[in-house]
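This is what each chain is made of:
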Amino acid sequence: MPLYQSVDELDFRFEDLQPLPLPDRVLMADPRDFECAYAINPHMVDERGELKRVDRELARRQWSALRDAFEASGLRVDLVPPLDRHPDLVFCANPALPMPRALFADGRPRLVPSRMAHPERRGEVEHVVATLRALGYAIEPLRGASQRLEGMGDGIWQLGRALLWAGVGPRSDLAAWQELAERYPMRIVTLSLVDPALYHLDTALASLAPDACLWWPGAFDARGRALIEKLVPRAIAADADEARRFLACNAFSADGKRVFIERRCTRTSATLRDAGFEVIPLDTSEFLKSGGSVFCMKLAHGPLA
Ligand code: ARG
């Protein structure tokens, strides 16, 4: 199906998009080896350029609290086992892009393994994909030789709608999204990212309900801003400082009502409450040091049956 790069190409209305079931499960990866062992985004170093130090015990407690919050909200949590020498494995949204089974006549869920931009993270892909394969996914790799694609870091499903928002620039290439648009029955809207601190689409845009997104406009070029403004009935702007420092847009909702978000994002949370959402604040301080928060610490998917 088509790929859309600018407003004048749009030939559909948001309300007319095919409905998709809401995700009912999340994959999470054990944070055993989590640390800042290299710097592949600006969050991972301090003002002096030194790698940030992670408190691993605190990180595990924060990760467990996030897992508990997901389970308490009714999501099923499946686990990816630890993997030596892969400190970013905990951000398991990145190594794969699941395609909802509702898109396909045979009802089989599919996934596209990522092509990570940085060699440090490439070993995560097969490991995460193995867990998803065991859950019943068909594995459908990119055919093109050289494109980069970072899974649900840059591919964000609009909640409950057959529409994929696709980040282009720091980590994923336009050519990868073009190939997926040719292969799969879904509309893809590409958005170029321009702020190095917001290097994945999931740091700049969160789909919170079938008609709503949280976003920070400064992360996008003029074309991307126009697309979001034109398409999304309720485009809610995050606080600029919270978006860049505390990854406010790395928020997550599975049901269109409750929003999981880093607890330091108090102004954004107030805006979300005013918009009718229930806010579930979580402490992700240790993971912010690596450039990640609530959304990318899990891969949301399902239903699988
Ligand atoms: N250190 C990881 C990286 O730079 C963090 C990834 C966080 N994921 C995300 N989707 N924002 O790759």
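What counts, and at which threshold
Residue numbers restart at each chain and count upward from 1, following the sequence in its written direction. Where totals are concerned, whole chains, interfaces and linings use all residues; where local detail is concerned, this predicted model gives features only for residues with pLDDT of at least 70, and gives and counts side-chain atom pairs only at 80 or more. With hydrogens and water excluded, all non-hydrogen atoms of the structure serve as input to the side-chain values. Proximity is defined per residue: any heavy atom of the residue falling within 4 Å of a molecule or strand makes that residue near it. Here a polar contact means two N or O atoms within 3.5 Å. Within protein one must be a hydrogen donor candidate and the other an acceptor candidate, and residues neighboring in sequence count only if both atoms are side-chain atoms. Residue type decides the class: Asp, Glu, Lys and Arg count as charged, Ala, Val, Leu, Ile, Met, Phe, Trp, Tyr, Cys and Pro as nonpolar, and the leftover types, Gly among them, as polar. Joining through side-chain atoms within 4.5 Å is the link that ties buried Ala, Val, Leu, Ile, Met, Phe, Trp, Tyr and Cys residues into a set, and such a set is a nonpolar core. Residue burial is assigned from relative accessible area. The probe radius is 1.4 Å, only protein chains are included, and a residue is buried under 20% of its type maximum, exposed over 50%, and partly exposed in between. Throughout, a residue-residue contact means that at least one pair of heavy atoms, one from each residue, lies within 4.5 Å. We treat two strands as partners when DSSP finds at least two bridges between them. The secondary structure listing takes helices from DSSP runs of H or I that are at least 4 residues long and strands from runs of E that are at least 2 residues long, numbered from the N terminus. Here an axis means a line fitted to C-alpha atoms, over the contact stretch when the element is a helix, while the angle between two N-to-C directions is reported on a 0 to 180 degree scale. Expected helix span is computed as 1.5 Å times (number of residues minus one). The directions considered for the arc are those from the helix axis to the C-beta atoms. When a carboxyl oxygen of Asp or Glu is within 4 Å of a side-chain nitrogen of Lys or Arg, the pair counts as a salt bridge. Known as pLDDT, the predictor's per-residue confidence is scaled from 0 to 100.

Draft legend 1. Broad picture of the site of the ligand. Taken together, 17 residues lie near the ligand, and Asn41, Arg121, His200, Asp202 and Ser290 sit nearest. Note that a nitrogen atom of the ligand is positioned 2.9 Å from one of the side-chain N or O atoms of Ser290. By residue class, the composition of the shell around the ligand is 5 nonpolar, 8 polar and 4 charged.

Draft legend 2. Up close: the nonpolar core. Of all hydrophobic cores here, the largest spans 61 residues; its most connected members are Phe70, Trp177, Leu180 and Phe252. Once residues within four sequence positions are removed from consideration, Phe70 is found in contact with Val26, Met28, Leu75, Val77, Phe252, Phe260, Val294 and Lys298. Ranked by size, the runner-up nonpolar core spans 45 residues in total, among them Phe14, Trp165, Ala219 and Ile236.

Draft legend 3. Region of the structure containing the sheet that holds strand E12 (residues 234–237). Judged by pairing direction, the sheet is mixed, and its 3 strands sit side by side in the order E10-E11-E12 without closing on themselves. Since the sheet does not close on itself, it has two edges, and those belong to strand E10 (205–209) and E12, each with one partner. Averaged over all pairs of adjacent strands, the angle between strand axes in this sheet comes to 25 degrees, irrespective of strand direction. Pairing geometry for E10 and strand E11 (residues 212–215), over 4 bridges, is antiparallel. Bridging from a neighbouring strand, Ala206 pairs with Leu214 of E11. Along the sheet face, helix H7 (residues 266–274) touches E10, E11 and E12 and points at about 155 degrees away from the line of E12.

Draft legend 4. Inspection of helix H1 (residues 56–72) at higher detail. Look at H1: 24 Å from first C-alpha to last across 17 residues, which is about the 24 Å you get at 1.5 Å a residue. For H1, every residue scored as buried is listed here: Ala59, Gln62, Trp63, Leu66, Ala69 and Phe70. The arc that holds the buried residues of H1, viewed along the axis, is 120 degrees, so those residues lie on one side. Residues Glu57, Arg61 and Ala72 are exposed on H1 and point more than 90 degrees away from its buried face.

Draft legend 5. How the structure looks around the sheet that holds strand E2 (residues 25–29). Strand order in the open sheet formed by 3 strands is E3-E2-E15, and the pairing between neighbours is mixed. Of all the strands in the sheet, just strand E3 (76–80) and strand E15 (299–301) have a single pairing partner and so form its edges. Recorded for the sheet is a direction-independent mean angle of 25 degrees between the axes of neighbouring strands. Bridge count for E2 against E3 is 5 bridges, and the pairing is parallel. In the sheet register, Arg25 faces E3, and the bridge partner there is Arg76. Sheet strands touched by helix H2 (residues 123–134): E2, E3 and E15. Its angle to E3, the strand with the most contacts, is close to 135 degrees.

Draft legend 6. How the structure looks around the pattern of salt bridges. Inspection of every chain in the model, using the stated rule, returns 29 salt bridges. Here Asp16 ties to Arg13 by a salt bridge, and the two come within 3.1 Å at their closest N and O atoms. Given a relative accessible area of 48%, Arg13 falls into the partly exposed group. The closest approach of N and O atoms between Asp255 and Arg258, which form a salt bridge, is 2.8 Å. Of the residues examined, Arg258 reaches a relative accessible area of 26% and is grouped as partly exposed. Members of the salt-bridge network, linked through shared partners, are Asp239, Asp241, Glu242, Arg245 and Arg267.

Draft legend 7. Expanded view of unusual backbone geometry. Here the amide bond leading from Gly302 into Pro303 is cis, since omega sits at -5 degrees, within 30 degrees of zero. For Pro303, the position within the fold is in the segment after E15.

Draft legend 8. Inspection of the confidence of the model for the chain at higher detail. Averaged over all residues, the pLDDT of the chain equals 97, while 100% of them reach at least 70. Ranking the elements of the chain by mean pLDDT puts helix H4 (residues 174–183) last, at 97, and strand E13 (residues 258–262) first, at 99.

Draft legend 9. Spotlight on the environment of Ala237. Checked against the element boundaries, Ala237 lands in strand E12. Residue Ala237 is classed as partly exposed on the basis of its relative accessible area, which comes to 43%. Counting along the chain gives 138 residues from Ala237 to Met99, while the straight-line C-alpha distance between them is 27 Å. For Ala237, the contacting residues outside a window of four places in its chain are Leu214, Trp215, Pro217 and Thr271.

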